[in-house]
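The chain contents come next:
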Amino acid sequence: MSAATRGRFSWTVAAPLAGLVVLAASWGRHPGDAVAAVLAVFLVAAILAAVHHAEVVAHRVGEPLGSLVLAVAVTVIEVGLILTLMLSGSGKDTSTLARDTVFSAVMITTAGIVGLSLLVAAWRHGLARFNPEGSGSSLATVIALASVTLVLPRFTTSAPGPEFSPSQLAFAAVASVALYALFVFTQTVKHRDFFLPVGPETDLDADDHADPPTTRDALVSLGLLVTSLVVVVGLSKVESPPIERGVSALGFPPSSVGVAIALIVLLPESIAAVRAAASGRTQISLNLAYGSAMASIGLTIPTLALVKIWISDPLVLGLEPMQIVMLAVVSIVSVLTVVPGRAKTLNGGVHLVLMAAFLFLSVKP
């Protein structure tokens, strides 16, 4: 093992472990601005370590299964964060927390991560190439899940307000699990080739030429990946009071705090997607983006449906009118982007403008 490899290995192991210690020491406390700045350093280190370990695991299991690793891992812990905030709301209204978090994840992935990946790939390789059959299937699943779980509650009449009745919530949960499971089967078994990188511009870097890591190394990286993601989500929660103070000082609405935390939690996937796009593997970038959106809905809604059996707090899932318009626009644009199987820098720019509109309207609704 070279000195560079040992150095890379040591920091990627030390970062999540040190972050876990810092998280344990800071959990339940309200850090000042100076301490929050120090915690932010550990947060960034954990994000970079998560990207590295996700790539190690993905290299071992191969594509497209590797693309599911980071998406599902982040979403599982994201669901835990939502439940933690809902069950310990400290008197705050958390009825729209799940809706805002899931909607933010959908917009960040389909507009932000996709847009940045297409822009990087097209800028570097002339055109961003991907498989329209696989990407189209992913996008259709995201749109269907978002429509059933986030749009329909705004128009149902069995329960007051933009909420599902118990039976409607149960149906949405079962439908989400079934659709997500069917997609995973399609992506990893039935039509695996639809989700593999395509195009002559695909560059195989040193990691692709190297032999896959051993099973032991992959398992170690999987454990460190989960540890890193726990640190990312946990420190995001610890950092939320300073973020809330900053949001309040700027005059932004409280809901923008959830958007800021969602951006932090999705950073590992964003970095991994952009790195894949830079090497010409745009399909992997789209797998990460759409897979994250699907996992966010397909895991969060069923979990909340189960938890709703034991808690009586309201669960508002129906989007606001402006959010529905944003979801509809990004869905239409995404379809037009995916159908040709290749994209220009303009396509990436269009998605990023929608991302910017989402962020701006989140702080200035």
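Computed from a prediction, not measured in an experiment: that's the story for all the values here.

Trainee: Just to check I follow, could you spell out helix H12 (residues 282–307) for this structure?
Mentor: Think of an α-helix as 3.6 residues a turn; residues three or four steps apart then line up on the same face. Along its 26 residues, H12 runs 37 Å from first to last C-alpha, staying within 8% of the 38 Å computed at 1.5 Å per residue. Burial analysis of H12 places 23 of its 26 residues in the buried class, which makes it a mostly covered element.

Trainee: What should I look at first to understand the packing of helix H13 (residues 321–338) against helix H14 (residues 345–363) in this one?
Mentor: Axis angle and axis distance: for two packed helices, these are the angle between their axes and the distance between the axes, and together they describe the pair. Across the interface, H13 lies against H14 with an axial gap of 10 Å and an inter-helix angle of 170 degrees. By the criterion of interaxial angle, the relationship of H13 to H14 is roughly antiparallel. Here Met322, Met326, Val329, Val330, Val333, Ser334 and Thr337 of H13 come into contact with H14, specifically with Asn347, Val350, His351, Leu354, Ala357, Phe358 and Leu361. Split by residue class, the contact of H13 with H14 holds 10 nonpolar, four polar and no charged.

Trainee: Just to check I follow, could you spell out H13 for this structure?
Mentor: For H13, with 18 residues, the first-to-last C-alpha span of 26 Å sits near the 26 Å given by 1.5 Å per residue. Structurally, H13 contributes buried residues whose contacts are with helix H4 (97–125), helix H5 (132–151), H12, strand E2 (342–343) and H14.

Trainee: Would you mind showing me how to read the nonpolar core here?
Mentor: Among soluble globular proteins, nonpolar side chains are generally buried collectively. Grouped together as the largest cluster of nonpolar side chains are 80 residues, with contacts concentrated most on Leu70, Leu229, Tyr290, Leu327 and Phe358. Per-element accounting of this core gives the leading share, 13 residues, to H4. Those residues in contact with Leu229 that lie beyond four places of it in its chain are Ala50, Leu70, Ala73, Val74, Ile77 and Pro268. Grouped together as the second largest cluster of nonpolar side chains are 11 residues, Val22, Leu23, Leu235 and Ile264 included.

Trainee: I keep staring at the confidence of the model for the chain and nothing clicks. Help me out?
Mentor: Looking at the chain, pLDDT values average 84 and 89% of them are 70 or higher. Mean pLDDT across the secondary structure elements of the chain bottoms out at helix H7 (residues 206–209), with 46, and peaks at H13, with 96. Contacts for the low-pLDDT stretch residues 1–8, under 50 throughout, to residues beyond four places or in other chains number three contacts. The low-confidence segment residues 204–209 (pLDDT under 50) makes seven contacts with residues lying over four places distant or belonging to another chain.

What counts, and where the lines are drawn
- Residues numbered from 1 in each chain as written.
- Predicted model: local features only at pLDDT ≥ 70, side-chain atom pairs only at ≥ 80, totals over all residues.
- Heavy atoms only, no water.
- Helix = DSSP H or I, 4+ residues; strand = E, 2+ residues; numbered from the N terminus.
- Expected span 1.5 Å × (residues − 1).
- Buried < 20%, exposed > 50% of the residue type's maximum accessible area, 1.4 Å probe, protein only.
- Axes fitted to C-alpha atoms, helices over the stretch in contact; angles between N-to-C directions.
- Parallel < 35°, antiparallel > 145°, perpendicular 65-115°, else oblique.
- Contact = heavy atoms within 4.5 Å.
- Nonpolar A, V, L, I, M, F, W, Y, C, P; charged D, E, K, R; others polar.
- Core = buried A, V, L, I, M, F, W, Y, C linked by side-chain atoms within 4.5 Å.
- pLDDT = per-residue confidence, 0-100.

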